Amino acid sequence: MAAKKTTSLERMLERVETLDAPTLAGLAQRLARERGLFERVFNVLQEGLLVVDDEGEIAYANTAAHCLLGLKPDDAAAPTLWRVVPGLRAALTPAIESANPVTRELALSYPEPRTVRLHLVPFESEAGRPRRFAIILSDITRDKIDTDQRIESERVASIVLLAAGVAHELGNPLNSLTIHLQVVERRLKKLRGLDKKDAAGLAESIRICSDEVARLDGIISNFLGAIRPSQPELADIRLGEVLSEVLSFQQRELADRGITVEVEGVGAEALPFVLADRNQLKQVFFNLVKNAAEAMAPGGQLLIRAGSDDEHVTLAFADNGSGIKPEDMARLFEPYHTTKPAGHGLGMMVVQRIMRAHGGLIGVESKAGQGTVVTLQFPQKHRRVKLLR
Ligand code: ADP
Ligand code: MG
């Protein structure tokens, strides 16, 4: 069998007892330099790297591990890993006892909420020393969010597809109902010898039926409109322009409701371009303004504030309406979640879908009884690196 390759350093260490003082000093310097090199390498890694023993004592932690776990640099009384991440000891004990490698996903809450994949690898045990383990931590927060969003959008997509079929099928019977109701209405008018009161009652019933049919028709066309798959047709857009078009379209309804709208920060040159689909943006703004208006009593105020930084253009829609209860907040984007008697519960789903298709984000902050702020964040045109689905 071929002899294991040894480095000159290892050969020197093998005969360390025979070395004279200057050679030993040189060796120590060389070891320090090598250690420095490895530390620098470990410190530029994005992965957190730790060496711990079976008591959780931390022998080494690179910079990324310090950041992820919130360890203080050069902490004299270094806490054990079990103290830093409560609950970890129980999760790792079987692997530590059996000295087998193991991978776990953890949700860290300190110093900030992160999802981390932990990979534990035992080192070969050295006689008379406690067993040591390397722990590699990868921050998978972003992947986790992406996966969750994908699962969510696939779930919605499959339900929506199913429902779209049903909605489409409902169109024909509704048409037929409309036509026959009109026939009945006309015949009723021509009928002689009918008591006036009876005739009025019948006409009223027919009117109610027609209204309900129209309402069903509205629900279906709203639904089909909301789910129509469409790739955004991208163009250079100034958000301020699109917003004022939408507001002038809604002016009448806003005035009727006694609501004032104030817009800040959208002056002609103030906002950078975003790459977006004009019609889809209109739909987003329309839905948000409508929701805000519906949440407010007469005298309510909607403040739309625009801003930008190096990477994003943001628009915040702040109303002082009813706000959203914490238990409704989680369902805000669910299709058909509505708290309104005649609501369709599709507006926010559409807003979210369009924002995602633009590589943008939507955030909602709300306090029941005080109001709601919906913030849209668009990537600036030149920063636009990824288009989602
Ligand atoms: P809809 O308006 O048809 O109910 P949406 O999807 O647009 O459907 O909104 C879903 C629900 O979210 C609304 O019923 C309402 O409870 C809540 N909501 C949305 N925007 C606001 C807002 N600005 N203020 C208060 N509640 C809101
Ligand atoms: Mg709505």
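Residues numbered from 1 in each chain as written. Chains lettered and ligands numbered in written order. Predicted model: local features only at pLDDT ≥ 70, side-chain atom pairs only at ≥ 80, totals over all residues. Heavy atoms only, no water.

1. Observations concerning the overall build of the chain
Phase 1 of the analysis: When helices and strands are tallied, the chain shows 11 helices and 12 strands.
Phase 2 of the analysis: Rg of the C-alpha trace for the chain: 33 Å, well past the compact-globule value of 21 Å for 389 residues, more than 25% over.
Phase 3 of the analysis: In terms of overall dimensions, the chain has C-alpha extents of about 130 × 50 × 40 Å along its principal axes.
Phase 4 of the analysis: The buried share among the 389 residues of the chain stands at 31%.
Phase 5 of the analysis: Distance from the positive charge centre (49 side chains) to the negative charge centre (51 side chains) of the chain: 5 Å. (Helix = DSSP H or I, 4+ residues; strand = E, 2+ residues; numbered from the N terminus. Rg over C-alpha atoms; globule rule 2.2 N^0.38 Å. Buried < 20%, exposed > 50% of the residue type's maximum accessible area, 1.4 Å probe, protein only. Lys, Arg positive; Asp, Glu negative; His and termini not counted. Charge placed at Lys NZ, Arg CZ, Asp CG, Glu CD.)

2. Examining the site of ligand 1
Phase 1 of the analysis: Close contacts around ligand 1 come from 20 residues, with Asp319, Thr338, Thr339, Lys340 and Met348 the closest.
Phase 2 of the analysis: In the model, an oxygen atom of ligand 1 is placed 2.5 Å from a nitrogen or oxygen of the threonine 338 side chain.
Phase 3 of the analysis: Take histidine 344: an N or O atom from its main chain is 2.9 Å from an oxygen atom of ligand 1.
Phase 4 of the analysis: Here ligand 1 loses 92% of its free accessible area of 540 Å² to cover by the protein chains.
Phase 5 of the analysis: If you map ligand 1 onto the pockets, it falls in the largest pocket.
Phase 6 of the analysis: When contributions to the shell around ligand 1 are tallied by element, the ones reaching two or more residues are α9 (278-295) and α11 (347-357).
Phase 7 of the analysis: In terms of residue count, α9 provides more of the shell around ligand 1 than any other element does, 4 residues in total.
Phase 8 of the analysis: When its residues are assigned to classes, the shell around ligand 1 shows 6 nonpolar, 11 polar and 3 charged. (Near = heavy atom within 4 Å. Polar contact = N/O pair within 3.5 Å; in protein donor to acceptor, adjacent residues only side chain to side chain. Areas by Shrake-Rupley, 256 points an atom, 1.4 Å probe, with all protein chains shown as cover. 1 Å grid on protein atoms, 1.4 Å probe; cavity = no way out; pocket = protein on both sides within 12 Å on 5 of 7 lines; lining within 4 Å. Sits in = over half its atoms within 2 Å of the grid points. Nonpolar A, V, L, I, M, F, W, Y, C, P; charged D, E, K, R; others polar.)

3. Things to note about the environment of leucine 188
Phase 1 of the analysis: The topology assignment puts leucine 188 in helix α6 (residues 141-190).
Phase 2 of the analysis: Here leucine 188 falls in the buried class, since its relative accessible area comes to 14%.
Phase 3 of the analysis: Sequence separation between leucine 188 and proline 232 is 44 residues; the distance between their C-alpha atoms is 50 Å.
Phase 4 of the analysis: If we ignore the near neighbours within four places in the chain, the residues touching leucine 188 are Leu194, Ala199, Leu202, Ala203 and Ile206. (Contact = heavy atoms within 4.5 Å.)

4. Section: the sheet that holds strand β12 (residues 371-379)
Phase 1 of the analysis: The mixed open sheet is built from 5 strands, whose spatial order is β7-β9-β10-β12-β11. One side of each edge strand has no neighbouring strand; the edge strands of this open sheet are β7 (260-264) and β11 (361-367). Taken pair by pair, the neighbouring strands of this sheet meet at an average axis angle of 15 degrees, ignoring direction.
Phase 2 of the analysis: Pairing geometry for strand β9 (residues 301-308) and strand β10 (residues 312-319), over 7 bridges, is antiparallel. In the sheet register, leucine 302 faces β10, and the bridge partner there is aspartate 319.
Phase 3 of the analysis: Packing of helix α8 (residues 239-256) onto the sheet brings it into contact with β7, β9, β10 and β12, and relative to β7 it is tilted by some 170 degrees.
Phase 4 of the analysis: Here α11 sits on the sheet in contact with β11 and β12, set at roughly 145 degrees to β11. (Pairing = 2+ DSSP bridges. Axes fitted to C-alpha atoms, helices over the stretch in contact; angles between N-to-C directions.)

5. Regarding the packing of aromatic side chains
The geometry of an aromatic ring pair is captured by the separation of the ring centres together with the interplanar angle, meaning the angle of the planes.
Phase 1 of the analysis: One pass over the structure, following the stated rule, counts 4 aromatic pairs.
Phase 2 of the analysis: When the centroid spacing of 6.1 Å and the interplanar angle of 45 degrees are considered together, the rings of phenylalanine 249 and phenylalanine 286 count as tilted. Of this pair, phenylalanine 249 sits in helix α8 while phenylalanine 286 sits in helix α9; the two residues are 37 residues apart in sequence, bridging distant segments of the chain.
Phase 3 of the analysis: Classification of phenylalanine 286 as partly exposed rests on a relative accessible area of 25%.
Phase 4 of the analysis: Plain terms: the ring middles of phenylalanine 285 and phenylalanine 317 are 6.0 Å apart, the flat faces sit at 40 degrees to each other, and that makes the pair tilted. Of the two residues, phenylalanine 285 sits in helix α9 while phenylalanine 317 sits in strand β10, which places them 32 residues apart along the sequence. Note on accessibility: phenylalanine 285 and phenylalanine 317 belong to one class, buried.
Phase 5 of the analysis: Taken together through their ring pairs, the aromatic side chains of Phe38, Phe42 and Tyr60 make up a single cluster.
Phase 6 of the analysis: The ring of phenylalanine 273 has arginine 238 lying over it, and the distance from NZ or CZ to the ring centre is 4.1 Å. (Phe/Tyr/Trp six-rings, centres within 6.5 Å; stacked < 30°, edge-to-face > 60°. Lys NZ or Arg CZ within 6 Å of the ring centre and 35° of its normal.)

6. Overview of the pattern of salt bridges
Phase 1 of the analysis: Following the criterion strictly, the structure yields 17 salt bridges and no others.
Phase 2 of the analysis: Here aspartate 139 makes a salt bridge to arginine 114, at a shortest N to O gap of 3.0 Å. Taken as a pair, aspartate 139 in strand β5 (residues 132-139) and arginine 114 in strand β4 (residues 114-122) lie far apart in primary sequence, 25 residues in all.
Phase 3 of the analysis: Residue aspartate 139 is classed as partly exposed on the basis of its relative accessible area of 36%.
Phase 4 of the analysis: On the accessibility criterion, arginine 114 (24% relative accessible area) is partly exposed.
Phase 5 of the analysis: Between lysine 282 and glutamate 245 there is a salt bridge, with the nearest N and O atoms lying 3.0 Å from each other. (Salt bridge = Lys/Arg side-chain N within 4 Å of Asp/Glu carboxyl O.)

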